[in-house]
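Summary of the model geometry
Residues per chain, in single letters:
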Amino acid sequence: MERSKLYIISGLGADFKVLQRLQFPEHLEVVFLDWLIPVKDEPFADYVWRMAERIDDSEPFYLLGYSFGGILVQEIDRIKPAEKIVILGSIKSSDEKSRIIRLGKMTRIPQYLPQQFYNGGTIKLYSYFRKMFDRKNPKILQYFTVRDAYYLKWCVARIVEWQAPANPKVIQILGDSDIVFPVKNSRPDYIILGGTHLFPATKHKEVSQLLAKILT
């Protein structure tokens, strides 16, 4: 019997190292969708279409997204509806944005920052990622390997600008110590105790147990 596919999109700039220790239900065929580099000045809707093109919707499928990937899978669902949508360390509506993200929209600081700021080799970017994602993890950049400066700046702007109502189909898992998407701004279906924004890697056993329960 052919297995249903679970399409997974990782976080902003992240490859799948942050998710590689997760165990997924055996009845699902896991398909990781790599990030595409956006075309210059590409509208978000066009980018979502390009990402969605790699999904076969002729059969039922599931979507899972981590961080910015969680936002992206919700947008993909508008084009190609999934059976279930699971988001890890992400928000299920624009109402759940943190004050920092809201401030970014008001001031447009992310757009005004020079592209060099987003260079993956800079100390500034390392310090920012470590402070925001997991200040106790000295190897944090091992999870963030997509370091194209234009891509990173484009993605940050899309997060800041994203507007969408909550989708009742979305199942949200958040860490209680996540600074990027604070749990206080959401009403998640599940909370990972002691989980920073990198909880899929650091709390993989708890997350795997939840996925076994959710993706039945």
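Being a predicted model, the structure only gives us computed values, none of them experimental. (Residues numbered from 1 in each chain as written. Predicted model: local features only at pLDDT ≥ 70, side-chain atom pairs only at ≥ 80, totals over all residues. Heavy atoms only, no water.)

1. Things to note about the side chain of His 204
Position of His 204 among the secondary structure elements: in helix H8 (residues 204-214). By relative accessible area, which is 14% here, His 204 ends up buried. Contact partners of His 204, with chain neighbours within four places excluded, come to Arg 21, Leu 22 and Phe 199. (Helix = DSSP H or I, 4+ residues; strand = E, 2+ residues; numbered from the N terminus. Buried < 20%, exposed > 50% of the residue type's maximum accessible area, 1.4 Å probe, protein only. Contact = heavy atoms within 4.5 Å.)

2. Focus: the pairing of strand S1 (residues 4-9)
Note: S1 against strand S2 (residues 28-32), five bridges, orientation parallel. Directly across from Ile 8, in S2, lies its bridge partner Phe 32. Of the strand pairs in this sheet, S1 and strand S3 (residues 61-66) are connected by five bridges, and their pairing is parallel. Bridge pairing in S3 places Lys 5 opposite Phe 61. (Pairing = 2+ DSSP bridges.)

3. Examining the packing of aromatic side chains
Taken as a whole, this structure holds seven aromatic pairs when the rule is applied. Summarising the aromatic geometry, the rings of Trp 35 and Tyr 47 are spaced 6.5 Å apart at their centres and angled 20° between planes, so their arrangement reads as stacked. Taken together, the residues span a long stretch of sequence, with Trp 35 in the loop between S2 and helix H1 (44-52) and Tyr 47 in helix H1 at a distance of twelve residues. When sorted by exposure, Trp 35 lands in the same class as Tyr 47, which is buried. (Phe/Tyr/Trp six-rings, centres within 6.5 Å; stacked < 30°, edge-to-face > 60°.)

4. Describing the packing of H1 against helix H2 (residues 68-79)
The relative placement of two packed helices is expressed as an angle between their axes plus a distance between the axes. One way to put it is that H1 packs onto H2 with a least axis distance of 9 Å and a crossing angle of 80°. Between H1 and H2, the crossing angle belongs to the class labelled roughly perpendicular. Seen from H1, the contacting residues are Phe 44, Tyr 47, Val 48, Trp 49, Met 51 and Ala 52; seen from H2, they are Phe 68, Ile 71, Leu 72, Glu 75, Ile 76 and Ile 79. (Axes fitted to C-alpha atoms, helices over the stretch in contact; angles between N-to-C directions. Parallel < 35°, antiparallel > 145°, perpendicular 65-115°, else oblique.)

5. Observations concerning the environment of Tyr 66
Tracing the backbone through its elements, the reader meets Tyr 66 in strand S3. Filtering out sequence-adjacent residues up to four positions away, Tyr 66 remains in contact with Ile 9, Ser 10, Gly 11, Val 18, Leu 19, Leu 88, His 197, Leu 198 and Pro 200.

6. Concerning H8
An α-helical turn contains 3.6 residues, so a residue and the one three or four places further along point in the same direction. All of the buried residues along H8 are His 204, Val 207, Ser 208, Leu 210, Leu 211 and Ile 214. Each buried residue of H8 sits inside an arc of 165° when the element is viewed along its axis, so together they form one side. In H8, the exposed residues that point more than 90 degrees away from the buried face are Lys 205, Gln 209 and Lys 213. On its buried face, H8 is in contact with S3, strand S4 (85-88), strand S5 (170-175), strand S6 (190-192) and helix H7 (199-202). (Arc of directions from axis to C-beta.)

7. Some remarks on the pattern of salt bridges
All told, the structure shown has six salt bridges when counted by the stated rule. Ionic pairing is found between Glu 29 and Lys 5, a salt bridge with its closest N-O pair at 3.8 Å. Of this pair, Glu 29 sits in strand S2 while Lys 5 sits in strand S1, and the two are 24 residues apart along the sequence. (Salt bridge = Lys/Arg side-chain N within 4 Å of Asp/Glu carboxyl O.)

8. Description of the pairing of S3
Along S3, six of the six residues are buried, which leaves the element largely enclosed by surrounding structure. Of the two faces of S3, the one holding Phe 61, Leu 63 and Gly 65 and the one holding Tyr 62, Leu 64 and Tyr 66 are both buried throughout. Where S3 and S4 come together, four bridges link them in parallel fashion. Across the sheet, the residue bridging to Leu 64 is Val 86, located in S4. Read from S3 through H2 to S4, the crossover connection turns out right-handed. (Right-handed = clockwise from strand over helix to strand, strands pointing away.)

9. Notes on the sheet that holds S1
If you trace the six strands from one edge of the open sheet to the other, you get S2-S1-S3-S4-S5-S6, paired in parallel fashion. Of all strands in the sheet, those bounded by a partner on one side alone are S2 and S6. Strand-to-strand twist in this sheet, taken as the mean axis angle between neighbours without regard to direction, amounts to 20°. Lying over the sheet, H2 contacts S1, S3, S4 and S5, oriented at roughly 150° with respect to S3. Sitting on the sheet, H8 touches S3, S4, S5 and S6, and the angle it makes with S6 is about 165°.

10. Some details on helix H6 (residues 149-161)
Across its 13 residues, H6 extends 19 Å between first and last C-alpha, which sits within 8% of the 18 Å expected from 1.5 Å per residue. Of all 13 residues in H6, eleven are buried, a share of seventy percent or more. The complete set of buried residues in H6 reads Ala 149, Tyr 150, Tyr 151, Leu 152, Lys 153, Trp 154, Cys 155, Ala 157, Arg 158, Ile 159 and Val 160. (Expected span 1.5 Å × (residues − 1).)

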